[in-house]
Amino acid sequence: MALDDRKTDFTFVGTRPNRPDGLDKVTGRAKFGADMSAPGMLHGAILRSPHAHARIVKIDTSKAEALKDVKAVVTRADFADVPFKPGLAGEFWNVLENVMAGEKALYDGHAVAAVAATSALAARDALKLIEVEYEVLPHVTDVDKAMAPDAPVIREGAADYSVPEGMHPNVVRYHESGHGDVDAGFAEADLVLEDSFVTEATHQGYIEPHACLGLLGNDGKGELWCTTQGHWIAQKTCAALLGIETSQLRVTASEIGGGFGGKTTVFIEPVALALSRKANRPVKLVMTRSEVFRATGPTASASMDIKIGMKNDGTITAACGEFRLQGGAFPGAPGDMTAMCAFAAYNLTNVKQIGYDVMANRPKQAAYRAPGAPMGAFAVESVIDEMCNKLGLDPIEVRLKNAAHEGTKASYGPRYERIGLVETLEAAKAHPHYSAPLKPGQGRGVSCGFWFNHGGETSVTLALSEDGSAQLMVGTPDIGGSRASMALMAAEVLGIPYENIRVTVADTATLGYNDVSHGSRVTYASGLATIKAARHAVEKLCERAAAKWDIPVEAVKWENGCAVPSGPNAGDFDPMPLADITAKMGRTGGPISGHFEATPEGAGVSFGTHIVDAEVDPETGKTTITRYTVIQDAGKAIHPTYVEGQFQGGAAQGIGWALNEEYIYGEDGRLQNSIFLDYRIPVASDLPMIDTVIVEVPNPGHPFGVRGVGETGIVPPLAAIANAVSNAAGVRMKQLPMSPPRILAALKDNG
Amino acid sequence: MSKLHVTTTVNGDEVDFLCDPRETLLDCLRDKLNLTGAKEGCGTGDCGACSVTVDGRLVCSCLMLGAEAEGKTIETVEGIADGDVLHPLQQKFIEHAALQCGICTPGILVAAKSLLEKNPNPTEEETRYWLAGNLCRCTGYDKIIRAVMETAEELREAS
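Residues numbered from 1 in each chain as written. Chains lettered and ligands numbered in written order. Predicted model: local features only at pLDDT ≥ 70, side-chain atom pairs only at ≥ 80, totals over all residues.

Right, let's talk about the overall build of chain B for a bit. Scanning chain B for helices and strands turns up five helices and five strands. Walking chain B from its N terminus toward its C terminus, one meets helices and strands in the order β-β-α-β-β-β-α-α-α-α. Across its three principal axes, chain B shows a C-alpha extent of roughly 50 × 30 × 25 Å. Taking all 159 residues of chain B together, 58% fall into the buried category. Excluding contacts between residues fewer than 6 apart, the proportion of contacts in chain B whose partners are at least 24 apart in sequence is 59%. (Helix = DSSP H or I, 4+ residues; strand = E, 2+ residues; numbered from the N terminus. Buried ≥ 20, exposed ≤ 12 C-beta atoms within 10 Å, placed from the backbone. Contact = placed C-beta atoms within 7 Å.)

Set out below in structure tokens:
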């Protein structure tokens, strides 16, 4: 049989059918994290530290336990008592420490105890009866202050081998990379510009708070229903923290109400299971919005210094960056990612980047859409824009002059395969938006953005039914319509209608391991796995046809949903449709399924270019985005409408980050804006329509050419908007968010 | 604390439940009546995921007590479709991919339906301001606004 390895001519891929789960999602019947209940269910609630940094001297739970409605109370002691798997260290230990505080509360909102009771109100009432004695310690929440010699130490010994001698113990990881001789490069430059930039932490802001329903018995067997980007990581982590075997915990992913990276770890799930084990009843735990803000995944905050040298014609001769990222009271701030991505869009002879991962008394940072990349792009692309202004050069021409392309040695090391940056820049230059006139008071900004994309461990099973329909089991939760793209890819290979494929997000007991839905990997990796699983099934279909026709399997090929002889010499047989083969499969060798279990490695890096127009009101400092265009390389858009949706969603989140969103801490180290009224994400009336251009430069690492599209869209906006605002206001904005008070202050400073 | 007995009409059905005086209408819809279509995204009336109509008025059900539902007529996302026929807004949302994760969708559909009942010909700006109380983190609103306005146009042509 002949199966083309690379496909360029498509029947289903590239069309825009309705998503398979559309009906469920518009009628309210889709079950999200908080929508599940169980017989005998209890409700949990978590007590959280009101202090940014405090030693926990004593916890007295006796009054809460005395209430008749209360069935279980847990503290860290209930985790420490379990027989840990050997080697509960590294990230598992960090997650445990974050899930339930040990000796110290490390940030405002850190969990210290939890209750399960017969109602949610009773559980919340019981929390008030738990007495915690704290010894308040000095705290620090700012990244630069956390690195200063007099900063309070969050945790001794958290730094790894990478950190140079003499740094504060709060600096826990260090990254340095680059190539060439930056000093020589700067000496060649006609203009050298150095500047510093700051971004605040933002939250992923998914509308669905964390929610789960856990059941665990003293036999070590459990069930967990939760909203998560990855139920296998939830399974593995919960099992480790509770001292049970991974396979004995079956985890089912609910429909997920947004994640953006923030649901790639666990927070309440181990607590629900610990409460359940103690009460011997199912326990439901649902976070409030305030808990989501105080205790889950904000992104890192950043402080950055950039130095770039440029010739008068726009050629960049050298680039240097230092990126200090604060990721809360645990290691993990993506200083390395920020550093590696910052200059990745450019073909540079001399480049050097340094990244720091710094701890402070804030919640443990979690991934947020291209984690680390937007901050670096903001700093670097702002400097490039300023240099274009100083040298009187067109910002797209300068980017084209320096753009990375196939064969370029990336700033972070490897040489690029086929990439689409130049194509996005050419499309931007040709787009009517770029030449449209601006009104007085408006400014235009552009920026490029880069993200690695990811493959990750992936399992997929495709099983054919006797009537010729197919059930596809994937392990990556569907965050934004991925069931549709999976069904399209399976239909493409099998040659049966899209509607005949039922896509299910399987639970951990029914499919092999899958990494989380992150790294823009779902359409790439689960898609590749779907294609390979479908091809595996097609091989078997061809074998059945070959047996029936009594010809070698090599003489059979698969075409338009039918087995056909591969050529005139193979014999003269009518095409045998898939449904004819499956109708008889029980008698011709048994069920036909296809599988894929591997770690796809060819994710293919991704680039985008954004154009944005902004209008600044000099009276109030308020910025209005008047026009926005996203141009990004998707490799191959499987379902173009959902690709557009990813582009638009990334841009909208970037607009929020650039203009409004920030974690605001008081002098006391407590979060001041832990509800949506005070932490203002963009609403419908804040935004214009967001235009999109899908560039398709096929990824050599995917059978259909797919590149992930989810994350890159949030990389350019911070810089593109900062450039537009700076050009509109006539003053360079170096701190995000560019909220009205900051813009007014900048205008005032500028006279 | 003694519970209150509440009788009310939800999506045309007369229903009753017992609730704690502190429980919200959203709690009662979800936990007492198993109508989990309305979602709690914030509990403070900022996100609109819990939007329902009470006697025809659009409200955040997280800001209203369950006890206040006595004698009222409530419509939720579960009541938008007519049997097996989707409301044109529901159909258009699917066709336009006006949802990604779908958590905000029930509230946005209830709010959009309420808009079109009051104003069959909204401008883009009117649509954006009407839906400003319904947060969506996935879509950037573009496809939502287009879906609502296109539905409005089709409903006008049909009437």
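Let's shift gears to the overall build of chain A. When its secondary structure is counted, chain A shows 21 helices and 26 strands. Relative to the globule expectation of 27 Å for 751 residues, the C-alpha radius of gyration of chain A, 27 Å, shows essentially globular dimensions. C-alpha extents for chain A along the principal axes are approximately 85 × 75 × 50 Å. For chain A, the residues scored as buried account for 60% of the 751 residues in total. Pairs at least 24 apart in sequence give 80% of the contacts found in chain A among residues at least 6 apart. (Rg over C-alpha atoms; globule rule 2.2 N^0.38 Å.)

Residues and elements named next belong to chain A. The three strands lie next to each other as β4-β2-β6, forming an open sheet whose pairing is antiparallel. On the outer flanks of this sheet lie β4 (104–105) and β6 (131–136), each paired with one strand and no other. Across six bridges, the pairing between strand β2 (residues 54–60) and β6 is antiparallel. Note on β6: the bridge partner recorded for Asp-60 is Glu-131. (Pairing = 2+ DSSP bridges.)

What follows is about the interface of chain A and chain B. Contacts between the two partners involve 42 residues from chain A and, on the opposite side, 45 residues from chain B. Mapped by element, the contributors of at least two residues to the side of chain A that touches chain B are α1 (22–27) and α19 (640–659) of chain A. Sort the elements by how many residues they give to the side of chain A that touches chain B and α19 of chain A lands first, with seven residues.

Residue and element names in this part refer to chain A. Packing of helix α11 (residues 335–342) against helix α12 (residues 373–391) brings their axes to within 8 Å, and their N-to-C directions diverge by 45 degrees. Regarding the angle of α11 to α12, the classification is oblique. Crossing hand, α11 versus α12: right-handed. The residues of α12 that touch α11, namely those facing Met-337, Thr-338, Ala-339, Cys-341 and Ala-342, are Ala-373, Met-375, Gly-376, Ala-377 and Val-380. A breakdown of the residues in the contact of α11 with α12 according to their chemical character gives eight nonpolar, two polar and no charged. (Axes fitted to C-alpha atoms, helices over the stretch in contact; angles between N-to-C directions. Parallel < 35°, antiparallel > 145°, perpendicular 65-115°, else oblique. Left-handed = near helix turned anticlockwise from the far one by under 90°. Nonpolar A, V, L, I, M, F, W, Y, C, P; charged D, E, K, R; others polar.)

Moving on, we get to the sheet that holds strand β4 (residues 57–60) of chain B. Residues and elements named next belong to chain B. Taken together, the five strands give an open sheet; going across it, the order is β2-β1-β5-β3-β4, and neighbouring strands pair in mixed fashion. Each end of this open sheet is capped by a strand with a single partner; those strands are β2 (13–19) and β4. Averaged over all pairs of adjacent strands, the angle between strand axes in this sheet comes to 40 degrees, irrespective of strand direction. Alignment of strand β3 (residues 51–54) against β4, held across four bridges, turns out to be antiparallel. Counted as the bridge partner of Ser-51 is Cys-60 from β4. Packed onto the sheet, helix α3 (residues 105–118) meets β3 and β4 and runs at close to 40 degrees relative to β3.

All names here are of chain A. What the domain assignment lists for chain A is domain 1 (22–30 + 455–598) and domain 2 (418–453 + 604–749). Placing the centre of domain 1 and that of domain 2 at their C-alpha centroids yields a distance of 38 Å. On the domain 2 side, the residues contacting the 14 residues of domain 1 number 17 residues. Looking at the side of domain 1 that touches domain 2, the elements with two or more residues in it are α16 (482–494) and α17 (522–549). Per-element tally for the side of domain 1 that touches domain 2: the top contributor is α17, with five residues. Tallied by class, the residues present in the side of domain 1 that touches domain 2 amount to six nonpolar, seven polar and one charged. (Domains from an automatic or database assignment.)

What follows covers the domain arrangement of chain B. Residue and element names in this part refer to chain B. Per the domain assignment, the segments making up chain B are domain 1 (4–79) and domain 2 (88–158). Each of domain 1 and domain 2 has a C-alpha centre, and these two points are 22 Å apart. In this complex, domain 1 contributes 14 residues to the contact, which on the side of domain 2 involves eleven residues. Grouping the amino acids of the side of domain 1 that touches domain 2 by side-chain chemistry returns seven nonpolar, six polar and one charged.

Residues and elements named next belong to chain A. Within α11, eight of the eight residues are buried, leaving the element largely enclosed by the surrounding structure. Here α11 has its buried residues at Gly-335, Asp-336, Met-337, Thr-338, Ala-339, Met-340, Cys-341 and Ala-342. Buried residues along α11 sit in contact with β7 (171–179), β13 (301–310), β14 (316–326), β15 (351–358), α12 and β16 (442–451).

This part takes up the nonpolar core. Residue and element names in this part refer to chain A. Within the largest apolar cluster, 302 residues are counted, with the highest numbers of intra-cluster contacts made by Val-271, Ala-490 and Ile-721. Element by element, the count of residues in this core is highest for α17, at 13 residues. Other than its neighbours up to four places away in sequence, Val-271 contacts Gly-44, Ile-46, Val-74, Val-99, Met-100, Ala-111, Ala-114 and Leu-285. (Core = buried A, V, L, I, M, F, W, Y, C linked by C-beta atoms within 7 Å.)

Residue and element names in this part refer to chain A. On the secondary structure map, Ala-719 appears in helix α20 (residues 716–729). Note: C-alpha distance between Ala-719 and Glu-381 (338 residues apart in sequence) is 5.8 Å. When sequence neighbours within four positions are dropped, the list of residues in contact with Ala-719 reads Ala-377, Phe-378, Glu-381, Ser-382 and Ser-447.

Note that the residue after Leu-736 of chain A, namely Pro-737 of chain A, is joined by a cis bond; omega there is -5 degrees. Even without being a glycine, Asn-34 of chain B presents a positive backbone phi close to 55 degrees. Secondary-structure assignment places Asn-34 of chain B in the loop between α1 (25–32) and β3. Residue Asn-34 of chain B is classed as exposed on the basis of its C-beta count, with 10 C-beta atoms lying within 10 Å. Unlike most non-glycine residues, Tyr-141 of chain B shows phi in positive territory, near 70 degrees.

Moving on, we get to the environment of Thr-692 of chain A. Residues and elements named next belong to chain A. Considering the arrangement of structural elements, one finds Thr-692 in strand β26 (residues 690–695). For the pair Thr-692 and Val-505, spaced 187 residues apart in sequence, the C-alpha to C-alpha distance is 29 Å. Setting aside its immediate chain neighbours within four residues, Thr-692 contacts Val-630, Glu-644, Phe-647 and Gln-648.

To continue, consider the packing of helix α2 (residues 88–95) of chain B against helix α5 (residues 142–158) of chain B. Residue and element names in this part refer to chain B. Their axes nearest at 9 Å, the elements α2 and α5 cross at an angle of 135 degrees. Taken together, the axis directions place α2 and α5 in an arrangement best described as oblique. Crossing handedness for the pair α2 and α5: right-handed. Touching Pro-88, Leu-89, Lys-92 and Phe-93 of α2 are Ala-147, Val-148, Glu-150, Thr-151, Glu-154 and Leu-155, all from α5. Here the residues of the contact of α2 with α5 sort into six nonpolar, one polar and three charged.

Next up on the list: the confidence of the model for chain B. Here chain B averages 97 in pLDDT, while 99% of its residues score no lower than 70. Model confidence for the complex: the whole-complex pTM is 0.97, and ipTM, which rates the interface, is 0.98. (pLDDT = per-residue confidence, 0-100.)

Residue and element names in this part refer to chain A. Positionally, Gly-22 belongs in helix α1. Classification of Gly-22 by C-beta neighbours within 10 Å gives buried; the count is 24. Along the sequence, Gly-22 and Ala-111 sit 89 residues apart, while their C-alpha atoms lie 37 Å from each other.

This part is about helix α13 (residues 395–402) of chain A. All names here are of chain A. Turning to α13, its buried residues number three or more, namely Pro-395, Ile-396, Val-398, Arg-399 and Asn-402. Down the axis, α13 shows its buried residues gathered within 160 degrees of arc, on one side only. In this structure, the buried side of α13 is in contact with β14, α12, α14 (421–430), α15 (432–435) and β16. (Arc of directions from axis to C-beta.)

All names here are of chain A. Burial runs high along β13: eight of the ten residues are buried. Taken together, the nine bridges between strand β8 (residues 191–199) and β13 define a ladder with antiparallel strand orientation. Bridge pairing in β13 places Leu-191 opposite Met-310. Alignment of β13 against β14, held across ten bridges, turns out to be antiparallel. Across the sheet, Ser-301 pairs through a bridge with Gln-326, a residue of β14.

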